[in-house]
Amino acid sequence: IGTHLCRALLRQGAQVRGFGRSRTDPGALAGVVWTSGEFADRTALARALEGCEVVFHLLGGSIPDSSNRDPLGDLLSSAVPGLQLLEICRASMVRKVLFVSSGGTVYGIPRTIPIPESAPTDPISAYGISKLAVEKYLALYHYLYGCDYSVLRVANTFGPYQSPHRRQGLIAAFMHRIARGEPVEIWGDGQVVRDFIYIDDVIDAILAAAVYDGPHHVFNVGAGVGRSVLEVVTDIAEVLERPDVVPIHKPGRATDVPVNVLDIALIRRELGWSPHTDWREGLRQTAAWIRTVQD
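Residues numbered from 1 in each chain as written. Predicted model: local features only at pLDDT ≥ 70, side-chain atom pairs only at ≥ 80, totals over all residues. Heavy atoms only, no water.

A. Molecular detail of a nonpolar patch on the surface. Together, Y137, L140, Y143, L144 and Y145 make up an exposed nonpolar region whose accessible area comes to about 550 Å². Among the secondary structure elements, Y137 is positioned in helix 5 (residues 126-145). Under the relative-accessibility criterion, Y137 is labelled partly exposed at 32%. (Patch = residues over 30% accessible without salt bridge, like charges linked within 9 Å, V, L, I, M, F, W, Y side chains within 5 Å. Areas by Shrake-Rupley, 256 points an atom, 1.4 Å probe, with all protein chains shown as cover. Salt bridge = Lys/Arg side-chain N within 4 Å of Asp/Glu carboxyl O. Helix = DSSP H or I, 4+ residues; strand = E, 2+ residues; numbered from the N terminus. Buried < 20%, exposed > 50% of the residue type's maximum accessible area, 1.4 Å probe, protein only.)

In structure tokens form, the structure reads like this:
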């Protein structure tokens, strides 16, 4: 998401600074002033933020499954540096902070589908708790100091520049393995349902939120459509013309909620945003990029 966001901001004529351990694709970030560092490194973070008017916070320290094996580590690598970031933003007079949260984890097991922003937030992973903690600190800093912010609870994002080798990013991982003729492993029976949204639509939502000055601070960002993991595998196989794919089923994971589909009525109404990328067209564009990195 960060790579696409930086590129979009550059196209709009913004002066862009990036911060993180490393750049996924340095060639894609030409024109970005980059600072390498750990999220917990306050000095490096303050240096990167110097003079910034708007801060987009996309950093995180883990993934849902691994976070439950080390909740304290997740807290120290995500929520604590996130609070440190807010303090730097406050001291530096940053005009607005936009936080990319997790629409897939902060709600936990939903009581209604689709899930509105007003739904209970009961995460079943330390990852989701850390995301929610940062959201709460943003609200606190708004109350105490008047710091403006927006939270975007983003669904499962896919598209170019998403590494297929990490343990997060189902579509990229499946597409990489299917394209290479390798087996696909599915956790559980494959009936887990998720909301998948193409990266271009996510970036449009983030940019719209950056200039929003209305009364709301938290927005769901998704397609508003649920697809099972098995459906996703089938559609990827068709796009790649690999109809012989036979998934390998592994035991289900405790961090996987059965269904997660986001209600996007609020962001449609307040920001005038709607997802516009067709599902299969998004898969085709992702497949085209996957082929370039495999060739």
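And the narrative resumes.
B. Main features of the pattern of salt bridges. Using the criterion set out here, one finds 13 salt bridges in the structure. Two residues, R90 and E87, come together in a salt bridge whose shortest N-O distance is 2.5 Å. Of this pair, R90 and E87 are both found in helix 4 (residues 71-91), 3 residues apart, which corresponds to roughly one turn of the helix. On the basis of relative accessible area, R90 is assigned to the partly exposed category, the value being 29%. The class for E87 is partly exposed, based on a relative accessible area of 21%.

C. Expanded view of the sheet that holds strand 6 (residues 156-158). Strand order across the open sheet formed by 3 strands is 6-8-10, with mixed pairing between neighbours. Because the sheet does not close on itself, it has two edges, and the strands there are strand 6 and strand 10 (226-228). Looking at each pair of strands side by side, their axes are set apart by 55 degrees on average, direction ignored. Across 3 bridges, strand 6 lies against strand 8 (residues 193-198) in parallel orientation. Of the residues in strand 8, the one forming a bridge with F158 is Y198. (Pairing = 2+ DSSP bridges. Axes fitted to C-alpha atoms, helices over the stretch in contact; angles between N-to-C directions.)

D. Just the environment of N260, in detail. Note on placement: N260 falls in the loop between strand 11 (248-250) and helix 9 (265-271). Using a relative accessible area of 0% as the deciding quantity, one classes N260 as buried. Taking C-alpha positions, N260 is 5.1 Å from R194, a pair spaced 66 residues apart along the chain. Apart from the residues within four sequence positions on either side, N260 is in contact with G103, G104, I115, V193, R194 and D195. Only 3.1 Å separates the side chain of N260 from the backbone oxygen of G103, close enough to count as a polar contact. (Contact = heavy atoms within 4.5 Å. Polar contact = N/O pair within 3.5 Å; in protein donor to acceptor, adjacent residues only side chain to side chain.)

E. Just the packing of aromatic side chains, in detail. Per the stated rule, a full pass over the model turns up 6 aromatic pairs. Taking 5.5 Å as the distance between ring centres and 65 degrees as the angle between the ring planes, the aromatic pair formed by F158 and Y198 counts as edge-to-face. Linking F158 in strand 6 with Y198 in strand 8, this pair joins segments that are 40 residues apart in sequence. For the pair F158 and Y198, one class covers both residues: buried. A centroid spacing of 5.4 Å and a plane angle of 85 degrees characterise the contact between Y212 and F219, whose relative ring orientation is edge-to-face. Judged by its relative accessible area of 10%, Y212 falls in the buried class. Among the aromatic side chains, those forming a connected cluster through ring pairs are F158, F196, Y198 and W279. (Phe/Tyr/Trp six-rings, centres within 6.5 Å; stacked < 30°, edge-to-face > 60°.)

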